[in-house]
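# Structure assessment
So you can see what is in the structure, the chains are spelled out below.
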Amino acid sequence: MSEHSEDVEADLARYYPRDADQLNAFFRGEMSIRRLHVLVSRLPRDSATHAVRVGGRGHADWDDHTELMAGVIEELRRFQLLFRQANTDPKKSHTLPRDIDYVPRPWNDETTPE
């Protein structure tokens, strides 16, 4: 936690504004380790703390909905490619791609899925 204490502090202030000074309260001995653990472990998936735990700040904006949309886009691209392959005359010299362009993920530098 000390490695990402600024992210934790910012998230605690953002998601629990009623007690914005919670991290300092913990270090002063006014908050138990259990309470701090509960607050930090229940931070939402779009929090900076969650993002650094799973791989970096780029993960904060990549939620389940974004992943589902990326999957839909990739399936549509795959369908378009298959449709073009099925409806192209093989005797004519058409060069069709072998694979689709994948939606880049923030945790993967390549453009293909893991």
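Everything in this summary refers to the structure shown in the same document.

## What about the overall build of the protein?
If you tally the helices and strands in the protein, you get five helices and zero strands. The order of α-helices and β-strands along the protein, N terminus first, is α-α-α-α-α. Counting all 114 residues of the protein, 26% fall into the buried class. Contacts in the protein between residues far apart in sequence, at least 24 positions, make up 45% of those at least 6 positions apart. As displayed, the protein has an accessible area near 8,600 Å², and 53% of this comes from carbon and sulfur atoms.

## Concerning the nonpolar core
Among the nonpolar cores identified, the biggest contains 10 residues, and these are V8, L12, L23, A25, F26, M31, L36, L39, V40 and L43. Where this core is concerned, the elements lending two or more residues are α1 (5-15), α2 (22-27) and α3 (33-41). For F26, the residues in contact, after removing those within four places along its chain, are M31, S32, I33 and L36.

## Brief notes about the pattern of salt bridges
Across all of its chains, the model carries four salt bridges by this definition. A single network of salt bridges, built from pairs that share partners, joins E67, E74 and R105.

## Notes on the packing of aromatic side chains
The geometry of an aromatic ring pair comes down to the distance between the two centres and the angle between the two planes. Within the structure shown, the criterion is met by two aromatic pairs. Relative to F27, the ring of F26 lies with its centre 5.2 Å away and its plane at 65°, an arrangement referred to as edge-to-face. When its relative accessible area of 60% is taken as the criterion, F27 is described as exposed.

## Considerations on helix α5 (residues 64-86)
Think of an α-helix as turning once every 3.6 residues; residues three or four places apart then point the same way. For α5, built from 23 residues, the straight-helix expectation of 33 Å at 1.5 Å per residue is met to within 8% by its first-to-last C-alpha distance of 33 Å. Along α5, the positions that sit buried rather than exposed are A70, E74 and L81.

## Digging into the side chain of S47
Locating S47 in the fold gives a position in the loop between α3 and α4 (48-54). Accessibility expressed as a relative area gives 0% for S47, which makes it buried. At 2.8 Å, the side chain of S47 and the backbone oxygen of P44 are in polar contact.

## Some points on the environment of Y16
By secondary structure assignment, the location of Y16 is in the loop between α1 and α2. Beyond its immediate stretch of four places on either side in the chain, Y16 contacts D11, Q22, L39, R42 and L43. Of note is the side chain of Y16, whose polar atom sits 3.1 Å from the backbone oxygen of L39.

## A look at the environment of I100
Topologically, I100 is positioned in the segment after α5. For the pair I100 and L76, spaced 24 residues apart in the sequence, the C-alpha separation amounts to 9.6 Å. Apart from the residues within four sequence positions on either side, I100 is in contact with E74, R77, R78 and L81.

## Things to note about α3
Among all positions in α3, only L36, L39 and V40 are buried. All buried residues of α3 project into a common sector of 95° when viewed along the axis, lining one side. Exposed and facing more than 90 degrees away from the buried side of α3 are R34 and H37.

Thresholds, definitions, all that
Starting from 1, residues in each chain are numbered consecutively following that chain's sequence as written. Local features in a predicted model are, by the rule used here, given only for residues with pLDDT of at least 70; side-chain atom pairs are given and counted only at 80 or more, and totals for whole chains, interfaces and linings are based on all residues. For side-chain calculations, the full set of non-hydrogen atoms in the structure is used, while hydrogens and water are omitted. Labels follow the DSSP assignment, with helices taken as runs of H or I lasting at least four residues and strands as runs of E lasting at least two, numbered in each case from the N terminus. Each residue's exposure class comes from its accessible area (1.4 Å probe, protein chains only) as a fraction of the maximum for that residue type: buried when under 20%, exposed when over 50%, partly exposed otherwise. Whether two residues are in contact is decided by their heavy atoms: any pair within 4.5 Å suffices. Computed with a 1.4 Å probe, the accessible areas rest on the Shrake-Rupley method; for each residue, only the protein chains presented here act as cover. Nonpolar cores are built from buried Ala, Val, Leu, Ile, Met, Phe, Trp, Tyr and Cys residues. Side-chain atoms within 4.5 Å join them into one set. Criterion for a salt bridge: a side-chain nitrogen of Lys or Arg within 4 Å of a carboxyl oxygen of Asp or Glu. Aromatic rings from Phe, Tyr and Trp, taking only the six-membered ring of Trp, are treated as a pair when their centres fall within 6.5 Å; an angle between ring planes under 30 degrees marks them as stacked, one over 60 as edge-to-face, and anything in between as tilted. To estimate how far a helix should reach, multiply one less than its number of residues by 1.5 Å. Pairs of N or O atoms are called polar contacts if they sit within 3.5 Å, as long as, within protein, a hydrogen donor faces a hydrogen acceptor (for residues adjacent in sequence, only side-chain-to-side-chain pairs). This arc describes the spread of directions from the helix axis toward the C-beta atoms.

Read these as geometric descriptors, not functional statements.
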